[in-house]
Amino acid sequence: MEKVKNSFFTARNIAVLGVLLAFVIVLQALGLTITLPGGTSMTFVLVPIVVGGMLLGAGAGAFLGLAFGIVTLFDPLTLTLINYVPVTVVLTVLIKGVAAGVVPAMLFSLVSKRNRYAASFVAALSAPVANTGIFFLGCLMMQQALVQSVGTAFWAFMGLIAINFGIEVAINAVLAPAIYAVDNVIEKRFAVKKSAKVQ
């Protein structure tokens, strides 16, 4: 019986995960419609992924990141890249999505033992580093195929990825205090409910 109580699949966890999953899908779908110069898209989708990892752990972060990756496969830019190097593109997109959920969750877990506020910033800033960093490395792995297909436009594209990375980091840095506040409110609310059940 005790094992069932300690299961991840509690009503609270499933509800929180469901709401965050909906946010991930909607925000990424909306992000695909908001394009920056050069065709890169801007989105706030990393925020619910980070919150999920902070609240529910690396498994939830991985699940939300995978959902983000799956939706990203339908990005016009991703679909274009798939024409040139299909397997590498699909793997890169899915791995970067999962990493954007797992890395912040693990760092938050480590740093929060000392300071939850600092941990929120570390988690928020590590998400774009994992997400865009892996995508950048994936593009470098595909460099030969892409240069043959699009020529020197490849290097302009890499520059746009770097600009997009800067924007993602700035957005997450600005939103980190809000991420901390959301984490705090939810944690306190469920701590109160737990103590009420114990009494």
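Bear in mind the structure is a predicted one, so any value in this text is a computation, not a measurement. (Residues numbered from 1 in each chain as written. Predicted model: local features only at pLDDT ≥ 70, side-chain atom pairs only at ≥ 80, totals over all residues. Heavy atoms only, no water.)

Caption draft 1: Spotlight on a nonpolar patch on the surface. Together, F136, L137, L140, V147 and W155 give the surface a local cluster of nonpolar side chains, amounting to about 430 Å² of exposed area. It is helix α7 (residues 116-141) that provides the largest number of residues to the nonpolar patch, a total of three residues. Within the fold, L140 resides in helix α7. (Patch = residues over 30% accessible without salt bridge, like charges linked within 9 Å, V, L, I, M, F, W, Y side chains within 5 Å. Areas by Shrake-Rupley, 256 points an atom, 1.4 Å probe, with all protein chains shown as cover. Salt bridge = Lys/Arg side-chain N within 4 Å of Asp/Glu carboxyl O. Helix = DSSP H or I, 4+ residues; strand = E, 2+ residues; numbered from the N terminus.)

Caption draft 2: Region of interest: the packing of aromatic side chains. Counting across every chain of the model gives two aromatic pairs. Between Y117 and F121, the ring centres sit 5.2 Å apart and the planes meet at 70 degrees, which makes this aromatic pair edge-to-face. Of this pair, Y117 and F121 are both found in helix α7, four residues apart, which corresponds to roughly one turn of the helix. With a relative accessible area of 38%, Y117 lands in the partly exposed category. (Phe/Tyr/Trp six-rings, centres within 6.5 Å; stacked < 30°, edge-to-face > 60°. Buried < 20%, exposed > 50% of the residue type's maximum accessible area, 1.4 Å probe, protein only.)

Caption draft 3: Up close: the environment of F63. You can see F63 is positioned in helix α4 (residues 58-72). Accessibility expressed as a relative area gives 39% for F63, which makes it partly exposed. Beyond its immediate stretch of four places on either side in the chain, F63 contacts L17 and L21. (Contact = heavy atoms within 4.5 Å.)

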